[in-house]
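What follows is each chain in one-letter form.
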Amino acid sequence: MIATGMLAILLSAGAAGAYAQESGTVAEDASADMSPVDVLPDIDVDTYDDAIIDPAKSNPDLIDGLIYKPDAIPLSQYRRRATDPESLAALSNTDVIAGDGQTERSYYAAIYSGSTSGVYFKVAAQICEMMSRTFERHRVHCVPLRSQGVGSNIRLMKEGRVQLAIVQSNNNWEAQKGIAPIPGARSVMSLHDEMGLLVVRNDSGIESVGDLRGKRINIGPEGSASRELWLELLSRYDITLEDLDTVYNVAQDYNELGICENYIDAFGLWIGHPATLIEDTLGCGARVVGMGGPLTDEMVRANQYFFNQVLPAKTYSAQEEAIASYGFKASLIAYEPADPYVVYWITRIVHENIDRMKEMYPTFRSVVADDMYEKGNFLPFHKGAACYWETDAHACDWQPYYQQADPKGPSKWNYSYQQ
């Protein structure tokens, strides 16, 4: 049974109406201050919209045919041209007067992520924290912006409101293949593993994906990223929605309530671990189960954006052994018109300080430094990231313009391309 009338069903059972309620709030513009900005509600609806915006009809602010009016960024920052020394030299309103009377230029970065309770927002916040700790090296102010998740981040980039955003490696791949285009999207680096994991009630009898037949499952709202992943996984195991006892279509935020109040037997999350939502749910007589197995291995081999992954023992309560599963990489992407200086320094600071970031936030423990460049980046690199990753001899051709405008000059870069 597919539970489309969730509110009526749960109310008739005496359940909390909140479990069936879905968000329909429209996003609001982000404010321009540099504190974490409440852009969208906390519920991760994460709905995709693959329509391509016609920039000529939507907004006159174009850079090489792309709309660019990023949220939380000063107007003078995003209207300058990296290839125009005159515009760089004219940015006096973003200079800061130092104690010796000299001016030092400041820059601004904003990273769209997810809900404030989710992993993406915390990852973006940790990136910005590391940028703050190293501020004197680059003078880039950084702020995490919350959103409804991957689908919202993609939509906001199509609207020209994004500098940087966190998506998934499969989004990166689909955009590059033209399956789900994101005009102007460019790779920056891969981040943490997003491993698929089942959370099941102890009395459910579920030990693997194949045991889900006849069970009550929440697969997420129509159009959501989690729902698409669920359908792909179930199809690989030859399980249809009709093979399930009950299918719920509500936001992932209600999974804990579903398990604890015995409305569902299982839910699945493709997320960075450890995740607070999963740990909190385990207190309701639940446990974690991997999505690994021979059929899953076939799916991984068939899709470049999937990777076999292992959840280390003791990641969660009462999880004594390592768990085999699969997933993808969280993927940091940038909009092509975004300032290459800003993208360069975010790439460099995160990569050079990844060990420190693993100590700051456990989700980064799954990051392998080499994988940040080598895995999950299917789109061409943004020119700022390409410079740091040394993709070719001309990747840093934009740097001289910044060196001319920067009183610290070439010494701050300490860069040389190695053929």
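Reading guide: rules and limits
Residues numbered from 1 in each chain as written. Predicted model: local features only at pLDDT ≥ 70, side-chain atom pairs only at ≥ 80, totals over all residues. Heavy atoms only, no water. Helix = DSSP H or I, 4+ residues; strand = E, 2+ residues; numbered from the N terminus. Buried < 20%, exposed > 50% of the residue type's maximum accessible area, 1.4 Å probe, protein only. Contact = heavy atoms within 4.5 Å. Areas by Shrake-Rupley, 256 points an atom, 1.4 Å probe, with all protein chains shown as cover. Salt bridge = Lys/Arg side-chain N within 4 Å of Asp/Glu carboxyl O. Arc of directions from axis to C-beta. Phe/Tyr/Trp six-rings, centres within 6.5 Å; stacked < 30°, edge-to-face > 60°. Pairing = 2+ DSSP bridges. Disulfide = S-S within 2.5 Å. Expected span 1.5 Å × (residues − 1). Core = buried A, V, L, I, M, F, W, Y, C linked by side-chain atoms within 4.5 Å. Axes fitted to C-alpha atoms, helices over the stretch in contact; angles between N-to-C directions. Parallel < 35°, antiparallel > 145°, perpendicular 65-115°, else oblique. Left-handed = near helix turned anticlockwise from the far one by under 90°. Nonpolar A, V, L, I, M, F, W, Y, C, P; charged D, E, K, R; others polar. pLDDT = per-residue confidence, 0-100.

## Thoughts on the overall build of the protein
For step 1, the next point in the chain: Within the protein, the secondary structure is distributed over 17 helices and 15 strands.
For step 2, the next point in the chain: Considering the protein as a whole, with its 419 residues, one finds that 56% of them fall into the buried category.
For step 3, the next point in the chain: Contacts in the protein between residues far apart in sequence, at least 24 positions, make up 75% of those at least 6 positions apart.
For step 4, the next point in the chain: Counting every atom, the protein has about 17200 Å² of accessible surface; 48% of that belongs to carbon and sulfur.

## Concerning the pattern of salt bridges
For step 1, the next point in the chain: Going through the model one piece at a time under the given rule, you end up with 17 salt bridges.
For step 2, the next point in the chain: Where Glu159 meets Arg155, a salt bridge forms, and the shortest distance between an N and an O atom there is 3.1 Å.
For step 3, the next point in the chain: Residue class for Glu159 comes out partly exposed when judged on its relative accessible area of 27%.
For step 4, the next point in the chain: Overall, the relative accessible area of 25% leaves Arg155 in the partly exposed class.
For step 5, the next point in the chain: For Lys329, the salt bridge is made with Asp371, and the minimal N-O distance between the two is 3.8 Å. One end of the pair, Lys329, is in strand 15 (residues 323-335); the other, Asp371, is in helix 15 (residues 371-374), and 42 residues separate them in sequence. Across this residue pair, the class does not change: Lys329 and Asp371 are buried.
For step 6, the next point in the chain: Several salt bridges converge on common partners, so that one network encompasses Asp71, Arg155, Glu159 and Arg161.

## Here's the deal with helix 12 (residues 294-302)
What sets the pattern is the α-helix's 3.6 residues per turn: residues three or four places apart point alike.
For step 1, the next point in the chain: Burial in helix 12 covers these residues: Thr296, Met299 and Val300. Take helix 12 and look down its axis: the buried residues cluster within an arc of 100 degrees, on one side only. Away from its buried face by more than 90 degrees, helix 12 exposes Pro294, Arg301 and Ala302.
For step 2, the next point in the chain: In this fold, the buried residues of helix 12 make contact with helix 9 (225-236), strand 14 (307-311) and strand 15.

## What to know about the packing of aromatic side chains
For step 1, the next point in the chain: Applying the stated criterion across every chain yields a total of 19 aromatic pairs.
For step 2, the next point in the chain: An angle of 85 degrees between the planes, with centres 5.3 Å apart, marks the rings of Tyr344 and Trp345 as edge-to-face.
For step 3, the next point in the chain: On the basis of relative accessible area, Trp345 is assigned to the buried category, the value being 0%.
For step 4, the next point in the chain: Here Trp398 and Tyr402 contribute two aromatic rings whose centre-to-centre distance is 5.5 Å and whose plane-to-plane angle is 90 degrees, an arrangement assigned as edge-to-face.
For step 5, the next point in the chain: These aromatic residues form a ring-pair network of at least three members: Tyr107, Tyr341, Tyr344, Trp345, Tyr373, Phe381, Tyr388, Trp389, Trp398 and Tyr402.

## With respect to the pairing of strand 15
On any regular strand, side chains alternate: one points to one face of the sheet, the next to the other face.
For step 1, the next point in the chain: For strand 15, a buried count of 12 out of 13 residues is recorded, marking the element as mostly surrounded by other parts of the structure.
For step 2, the next point in the chain: Across 5 bridges, strand 8 (residues 164-168) lies against strand 15 in antiparallel orientation. Of the residues in strand 15, the one forming a bridge with Ala165 is Ile333.
For step 3, the next point in the chain: The pairing of strand 9 (residues 185-201) with strand 15 spans 8 bridges and is classified as antiparallel. Its bridge partner lying in strand 15, Ser187 is registered against Ile333.

## Regarding the state of the cysteines
For step 1, the next point in the chain: Summed over the entire model, instances satisfying the criterion amount to 3 disulfides.
For step 2, the next point in the chain: Between the sulfur atoms of Cys260 and its disulfide mate Cys284 the distance is 1.9 Å. Its S-S torsion of about 85 degrees marks the bond between Cys260 and Cys284 as right-handed, since a negative value means left-handed. Taken together, the positions of Cys260 in helix 10 (residues 255-260) and Cys284 in the loop between helix 11 (276-282) and strand 13 (286-290) put the pair 24 residues apart, joining distant regions of the chain.

## So, helix 9
For step 1, the next point in the chain: Taking 1.5 Å per residue as the helical rise, helix 9 with its 12 residues ought to reach 16 Å, and the 17 Å between its terminal C-alpha atoms agrees with that figure.
For step 2, the next point in the chain: Restricting attention to buried positions, one finds in helix 9 the residues Ala225, Ser226, Arg227, Leu229, Trp230, Leu233 and Leu234.
For step 3, the next point in the chain: At its buried positions, helix 9 is contacted by strand 8, strand 9, strand 10 (216-218), strand 12 (266-271), helix 12 and strand 15.

## Some details on the nonpolar core
For step 1, the next point in the chain: Among the nonpolar cores identified, the biggest contains 88 residues, and Ile127, Ile278 and Ile346 are the most heavily contacted of them.
For step 2, the next point in the chain: Ignoring sequence-local partners within four residues, the contact set of Ile278 consists of Leu197, Val199, Leu269, Ile271, His273, Val288 and Tyr316.
For step 3, the next point in the chain: Listed in part, the 27 residues of the second largest apolar core include Leu212, Leu244, Trp270 and Met291.

## A look at the packing of helix 9 against helix 12
For step 1, the next point in the chain: One way to put it is that helix 9 packs onto helix 12 with a least axis distance of 9 Å and a crossing angle of 120 degrees. Judged on the interaxial angle alone, helix 12 and helix 9 are oblique. Between helix 9 and helix 12 the crossing geometry is right-handed. Of the residues in helix 12, those touching helix 9 at Glu232, Leu233 and Arg236 are Leu295, Thr296, Glu298, Met299 and Ala302.
For step 2, the next point in the chain: A breakdown of the residues in the contact of helix 9 with helix 12 according to their chemical character gives 4 nonpolar, 1 polar and 3 charged.

## What about the packing of helix 5 (residues 119-133) against helix 13 (residues 340-352)?
In helix packing, the relevant descriptors are the interaxial angle and the interaxial distance, both defined with respect to the helix axes.
For step 1, the next point in the chain: Where helix 5 meets helix 13, the closest approach of the two axes is 10 Å, and the angle between their N-to-C directions is 95 degrees. With respect to each other, helix 5 and helix 13 are oriented roughly perpendicular. Along the contact surface, helix 5 presents Ile127, Met130 and Met131, while helix 13 presents Trp345, Ile346, Ile349 and Val350.
For step 2, the next point in the chain: Residue composition of the contact of helix 5 with helix 13, grouped by class: 7 nonpolar, no polar and no charged.

## Some words on the environment of Ile179
For step 1, the next point in the chain: Mapping Ile179 onto the fold places it in the loop between helix 8 (169-177) and strand 9.
For step 2, the next point in the chain: On the accessibility criterion, Ile179 (53% relative accessible area) is exposed.
For step 3, the next point in the chain: If we ignore the near neighbours within four places in the chain, the residues touching Ile179 are Trp173 and Glu174.

## Quick look at the confidence of the model for the protein
For step 1, the next point in the chain: Averaged over every residue, the pLDDT of the protein is 83; residues scoring 70 or more account for 76%.
For step 2, the next point in the chain: Every residue in residues 415-419 scores below 50 in pLDDT, and together they form 11 contacts with partners more than four places removed in sequence or on other chains.

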